[in-house]
Amino acid sequence: MINITFTYADLEYFLLILVRISCFIFISPFYGMTGVPRRVKIGLSIFIAYLVFNAIDHNAVVYDSLLEYAIIVMKEALTGFLIGWGAQICTAVTSLAGSIADMEIGVSMVSLLDPATKEQATFSGVFYQYLFTLFMITTGMYRYLLQALIDTFTLIPINGAVFKTESLTESVIMFMSDYITISFRIILPIFCTMIILNVILGVLAKVSPQLNMFAVGMQLKILAGLGIMFLTVRMLPGAADFVFTEMKRMIVSFVEGMM
């Protein structure tokens, strides 16, 4: 027979841990994908919260009224949300890179239903997103995310979060400055190839005005773009490392902004 005894103070502390972890799980990359069943997310959150509860030193939560406890719950929810969101926004780089690539190739009107987000996405965006998810699994980045979340309970104790608006805003602005740079690095071979192809088509249009370069150019762009996309797949692990490094920097900066 399993006999588990706990005090009311332990239950309050455990629920606060669960709030932070569940908010992180539901928004973080890989764990928060729409394809993951909600029961799995809830079960994983409870399991991790139980392990963290038994692993860290904890004291009773001090509050005078139900409203103060509700405020503490909101603080823990916002803490987990910001940590997960700091990692999630870095994955949006793949969507931007895919949109730019499809616009250059000429298939920007083609849209697919992304099963991960249940939203319309471009062909190249879905392609890059699944590759980066695969790299996240093979490199063990998903383990780093969980380890970073668990370490926050040491750096930011329960009810110990202090939200520094200036620091958090500065972190987001710094990421936005790198957002376009990272996306452009991913699709740089396609972009350069399309520029060269446009120059060649422009010269041919002047040399042979009787040829319909518009019809020929659309086919050449699609063939050249898809060919370059698949030929440069070997370059994506380096780009994935760059994105994961940015993800780690964002998580660290967000945590520092709440210490």
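What you see is a predicted model; the values in this text were computed from it and never measured.

Conventions used here
Residues numbered from 1 in each chain as written. Predicted model: local features only at pLDDT ≥ 70, side-chain atom pairs only at ≥ 80, totals over all residues. Heavy atoms only, no water. Phe/Tyr/Trp six-rings, centres within 6.5 Å; stacked < 30°, edge-to-face > 60°. Helix = DSSP H or I, 4+ residues; strand = E, 2+ residues; numbered from the N terminus. Buried < 20%, exposed > 50% of the residue type's maximum accessible area, 1.4 Å probe, protein only. Axes fitted to C-alpha atoms, helices over the stretch in contact; angles between N-to-C directions. Parallel < 35°, antiparallel > 145°, perpendicular 65-115°, else oblique. Left-handed = near helix turned anticlockwise from the far one by under 90°. Contact = heavy atoms within 4.5 Å. Nonpolar A, V, L, I, M, F, W, Y, C, P; charged D, E, K, R; others polar. Salt bridge = Lys/Arg side-chain N within 4 Å of Asp/Glu carboxyl O. Patch = residues over 30% accessible without salt bridge, like charges linked within 9 Å, V, L, I, M, F, W, Y side chains within 5 Å. Areas by Shrake-Rupley, 256 points an atom, 1.4 Å probe, with all protein chains shown as cover. Expected span 1.5 Å × (residues − 1). Polar contact = N/O pair within 3.5 Å; in protein donor to acceptor, adjacent residues only side chain to side chain. Arc of directions from axis to C-beta.

1. Considering the packing of aromatic side chains
Considering all chains together, one arrives at eight aromatic pairs under this definition. The interplanar angle of 70° and the centroid separation of 6.3 Å between the aromatic rings of Phe132 and Phe135 together place this pair among those described as edge-to-face. Placement of the pair is Phe132 and Phe135 together in helix H4 (residues 123-138), with a separation of three residues, close to one helical turn. With relative accessibility at 5%, the residue Phe132 sits in the buried group. Geometrically, the ring pair formed by Phe184 and Phe191 is edge-to-face, given 5.1 Å between the ring centres and 65° between the ring planes. Take Phe184: its relative accessible area is 34%, and that puts it in the partly exposed class.

2. Focus: the packing of helix H3 (residues 66-105) against helix H6 (residues 165-186)
Interhelical geometry of H3 versus H6 gives an angle of 25° and a closest axis separation of 8 Å. Accordingly, the angle class assigned to the pair H3 and H6 is roughly parallel. Where H3 crosses over H6, the two elements pack in a sense that is right-handed. Contacts between H3 and H6 pair Leu82, Trp85, Ile89, Cys90, Ala92, Val93, Leu96 and Ala97 from the former with Leu168, Val172, Phe175, Tyr179, Ile180, Ile182, Ser183 and Ile186 from the latter. For the contact of H3 with H6, the per-class residue count stands at 15 nonpolar, one polar and no charged.

3. Focus on the pattern of salt bridges
Taken as a whole, this structure holds two salt bridges when the rule is applied. The closest approach of N and O atoms between Glu76 and Arg20, which form a salt bridge, is 2.7 Å. A residue pair is termed long-range when its members are at least 10 positions apart, and Glu76 in helix H3 and Arg20 in helix H1 (residues 8-27) qualify at 56 residues. Taken individually, Glu76 and Arg20 each receive the classification buried, so the pair is uniform in this respect.

4. A look at the packing of H3 against helix H7 (residues 188-207)
With their axes 10 Å apart at the nearest point, H3 and H7 run at an angle of 20° to one another. The angle between H3 and H7 falls in the class roughly parallel. Note on packing geometry: the crossing formed by H3 with H7 is left-handed. Seen from H3, the contacting residues are Ala101, Glu104 and Ile105; seen from H7, they are Ile190, Phe191 and Met194.

5. Quick look at a nonpolar patch on the surface
Nonpolar side chains collect at one region of the surface, where Phe6, Tyr8, Leu11 and Leu15 lie side by side and expose about 430 Å² of accessible area between them. Mapped onto the elements, Leu11 comes out in helix H1.

6. Quick look at H6
With 22 residues, H6 ought to run about 32 Å at 1.5 Å a step, and its terminal C-alpha atoms sit 32 Å apart, in line with that. What H6 keeps buried is the set Leu168, Ser171, Phe175, Tyr179, Ile182, Ser183 and Ile186. Turning to H6, the residues buried within the fold contact H3, H4, H7 and helix H9 (236-256).

7. Notes on the environment of Thr91
Along the chain, the position of Thr91 falls in helix H3. In this structure the C-alpha to C-alpha distance between Thr91 and Val199, which are 108 residues apart in sequence, comes to 33 Å. Setting aside residues no more than four positions away along its own chain, Thr91 makes contact with Pro29 and Met247. Side-chain polar atoms of Thr91 contact the backbone oxygen of Gln88, separated by 2.5 Å.

8. As for helix H2 (residues 38-55)
An ideal rise of 1.5 Å per residue puts 26 Å on 18 residues; H2 measures up with 26 Å between its terminal C-alpha atoms. If you check which residues of H2 are buried, you get Lys41, Ser45, Ile48, Ala49, Val52 and Phe53. For H2, the angular spread of buried residues about the axis comes to 140°, placing them on one side. Exposed and facing more than 90 degrees away from the buried side of H2 are Arg39 and Phe47. Of the surrounding secondary structure, the elements contacted by the buried residues of H2 are H1 and helix H5 (141-155).

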